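# A look at the structure
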Amino acid sequence: MMDSEHARDPESTRDMDAATAAQLLDAADRVSVRVNDGTDFRTPALIQGWGAAALFIYVTAFLLLFTAPALDGVESAHGTTFVSTLVMAILVQSQLVHGARHQILISLAAPLRGWKLWLQLIGLALFIAIAAASVFGVKFGWWVSLVVAVCITAPLGLASLRSAQNARGNPARVPLVSPRPPLSRSARVMTAGLGAFFGVAGAVTAMPNLWSSVANLFLFLFLLLLMIGWNARWGLPRLGSEWGQRQWVGYGVSFTLLVALTLVVATTSLTTPWVGVIGGILVALPLALSTLRLRRQR
Amino acid sequence: MTDQELNRTHPRHQLDDALLTPVRFSMMAALAGDVAIEIDFTTLRNIIETDDSALSKAVSRLHEAGYLTVRKGYVANKPRTWLKATPAGVAALGIHSAALQAIVGGAISHQPQS
């Protein structure tokens, strides 16, 4: 069987001599050097760093939402609006980051291992336990949220620092990545649309009535549609793969403002339509501006 | 030791059929070096200095052997393929490289002393 395969393969080197073997080993060494030269450590460091920051904000906000004392006049149905707004934000984030990873031409495939993996698993277990206990009225101090958020995000943060160290030690000598092309029309529309989506989600949190719950349901259905069509031209991963620095900064600001608005509305009595409208516009603006600035540059 | 036993212990018997061509061996060397990495198809083609057709054939052969995984996606609406070595591929490359080194080492040890 092997011999017959060998006979069919004109490039086969089974009957190799020492010189051929040495040539192959030398070629492999040269290939390894080229791979090392072309490995992009900077982009993974940025993705991991931003991902860790977003996850920290999300977990802290989520647990603060659960552990904060309930406000008078805030109906439990509206409480679910706060939670679903945060869940929507992190689902969008995960899809965009998935796409951003596609920009990397050569990447290290190093999953979390050892104590870092255990720390994250313990953090996740605590996260679920606290969220579940809060449903049954158990109260926790604010510091518990911080500890859990640190447990979950510290391994990612450390991985990001390690990637950053590698980036500093191994600056890519071969420019494998071509200059980023301008944002396509569909990506510009989707980016502005995502800003509007976040804006409406933020506005809805400040309007505790039946219509806001209905609006929130439609937002969730829209997000579900986006996730089902993840591989489509208008899917979030493709959007993430196309974004440049401006869009990511715009997204980071919009994401943080949305989480902050949700927290403020959930823990204070600022549940008025004006707060919703102004807050929603502020949330949508950074993402919308990130497309306009790019258009001017062209 | 008989001639047949001598033949069986020769390091060339440790060579892996799937890694016998220079393109496939270089590919696995790129993908399963010191650390497991994932490389975009076009980038790998440039690194090992081959063409799309030869690389596609090599990918098919190594994928059949279970030595690499293929992931497809899009970047700004352009299709892109990423390749990654499997643990079986990494192990196979280790054995194959050791056999090559043994062949080279054997030749050096048999060289006449000057």
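## Brief notes about the overall build of chain B
Helix and strand content of chain B: five helices and three strands. Along its sequence from the N terminus, chain B presents helices and strands in the succession α-α-β-α-α-β-β-α. For chain B, buried positions account for 37% of its 114 residues. Expressed as a percentage of contacts within chain B between residues at least 6 apart in sequence, the contacts between residues at least 24 apart total 61%.

## Concerning the overall build of chain A
The helix and strand tally for chain A stands at eleven helices and one strand. Sequence-ordered secondary structure for chain A, helices as α and strands as β, is α-α-α-α-β-α-α-α-α-α-α-α. Counting all 298 residues of chain A, 38% fall into the buried class. Within chain A, contacts between residues separated by at least 24 positions form 90% of all contacts whose residues are at least 6 apart in sequence.

## Quick notes on the sheet that holds strand 3 (residues 78-85) of chain B
Hydrogen bonds along the backbone pair up the strands of a sheet, which may run parallel or antiparallel. In spatial order, the strands read 1(A)-1(B)-3(B)-2(B); together these four strands make up an open sheet with antiparallel pairing. Two strands bound the open sheet, and with one partner strand each, they are strand 1 (106-108) of chain A together with strand 2 (68-75) of chain B. Ignoring which end each strand starts from, the neighbouring axes of this sheet average 25° apart.

## Structural notes on the environment of Trp211(A)
Residue and element names in this part refer to chain A. Summarising the element assignment, Trp-211 is placed in helix 8 (residues 210-228). Residue classification places Trp-211 among the exposed residues on the basis of 9 C-beta atoms within 10 Å. Each C-alpha atom of the pair Trp-211 and Trp-115 lies 47 Å from the other, and the pair is 96 residues apart in sequence.

## Details of the packing of helix 7 (residues 185-205) of chain A against helix 10 (residues 245-267) of chain A
For any two helices packed against each other, one specifies the inter-axial angle together with the distance between the axes. Residue and element names in this part refer to chain A. Helix 10 packs onto helix 7 with a crossing angle of 10° between their chain directions and a minimal axis gap of 9 Å. One element, helix 7, and the other, helix 10, form an angle in the roughly parallel class. Of helix 10, the residues touching helix 7 (which contributes Thr-191, Gly-195, Phe-198, Ala-201, Gly-202 and Thr-205) are Gln-247, Ser-254, Leu-258, Leu-261, Thr-262 and Val-265. Of the residues belonging to the contact of helix 7 with helix 10, the class tally is five nonpolar, seven polar and no charged.

## Some words on the pairing of strand 1 (residues 37-40) of chain B
What you see with strand 1 of chain B is no split at all: Ile37(B) and Ile39(B) on one side and Glu38(B) and Asp40(B) on the other are buried throughout. One ladder, built from three bridges, connects strand 1 of chain A with strand 1 of chain B; its direction is antiparallel. When the sheet's bridge partners are listed, Ser107(A) is paired in strand 1 of chain B with Glu38(B). As paired elements, strand 1 of chain B and strand 3 of chain B share three bridges and run antiparallel to each other. Looking across to strand 3 of chain B, one finds that Glu38(B) is bridged to Lys84(B).

## Structural notes on the nonpolar core
With 50 residues, the main nonpolar core has Tyr58(A), Ala61(A), Phe62(A), Ala89(A), Phe198(A), Leu258(A) and Val259(A) as its most contacted residues. Where this core is concerned, the elements lending two or more residues are helix 3 (42-67), helix 4 (76-101), helix 6 (142-169), helix 7, helix 8, helix 9 (236-242), helix 10 and helix 11 (273-297) of chain A. The element contributing the most residues to this core is helix 3 of chain A, with ten residues. In this view, Val259(A) contacts Ile57(A), Tyr58(A), Ala61(A), Leu86(A) and Ala89(A); residues no more than four positions away in its chain are not counted. Counting 38 residues, the second largest nonpolar core, distinct from the first, contains Leu19(B), Phe25(B), Leu31(B) and Trp82(B).

## What to know about the environment of His96(B)
Residues and elements named next belong to chain B. When you line up the elements, His-96 lands in helix 5 (residues 87-109). Assessed through the 23 C-beta atoms surrounding it within 10 Å, His-96 is described here as buried. Placed 41 residues apart in sequence, His-96 and Leu-55 show a C-alpha to C-alpha distance of 20 Å. Beyond its immediate stretch of four places on either side in the chain, His-96 contacts Leu-15, Asp-16 and Leu-19.

## Remarks on helix 6 of chain A
Residues and elements named next belong to chain A. Taking 1.5 Å of rise per residue, 28 residues should cover 40 Å, and helix 6 covers 39 Å from first to last C-alpha, within 8% of that figure. In the structure, helix 6 departs most strongly from a straight axis at Thr-153, where the bend amounts to approximately 40° and where the proline Pro-155 lies between one and four residues downstream. Within helix 6 the residues assigned to the buried category are Ser-145, Val-148, Ala-149, Cys-151, Ile-152, Thr-153, Pro-155, Leu-156, Ala-159, Ser-160 and Ser-163.

The rules we used
Residues numbered from 1 in each chain as written. Chains lettered and ligands numbered in written order. Predicted model: local features only at pLDDT ≥ 70, side-chain atom pairs only at ≥ 80, totals over all residues. Helix = DSSP H or I, 4+ residues; strand = E, 2+ residues; numbered from the N terminus. Buried ≥ 20, exposed ≤ 12 C-beta atoms within 10 Å, placed from the backbone. Contact = placed C-beta atoms within 7 Å. Pairing = 2+ DSSP bridges. Axes fitted to C-alpha atoms, helices over the stretch in contact; angles between N-to-C directions. Parallel < 35°, antiparallel > 145°, perpendicular 65-115°, else oblique. Nonpolar A, V, L, I, M, F, W, Y, C, P; charged D, E, K, R; others polar. Core = buried A, V, L, I, M, F, W, Y, C linked by C-beta atoms within 7 Å. Expected span 1.5 Å × (residues − 1). Bend = angle between axes of the 7 residues up to and from the residue.

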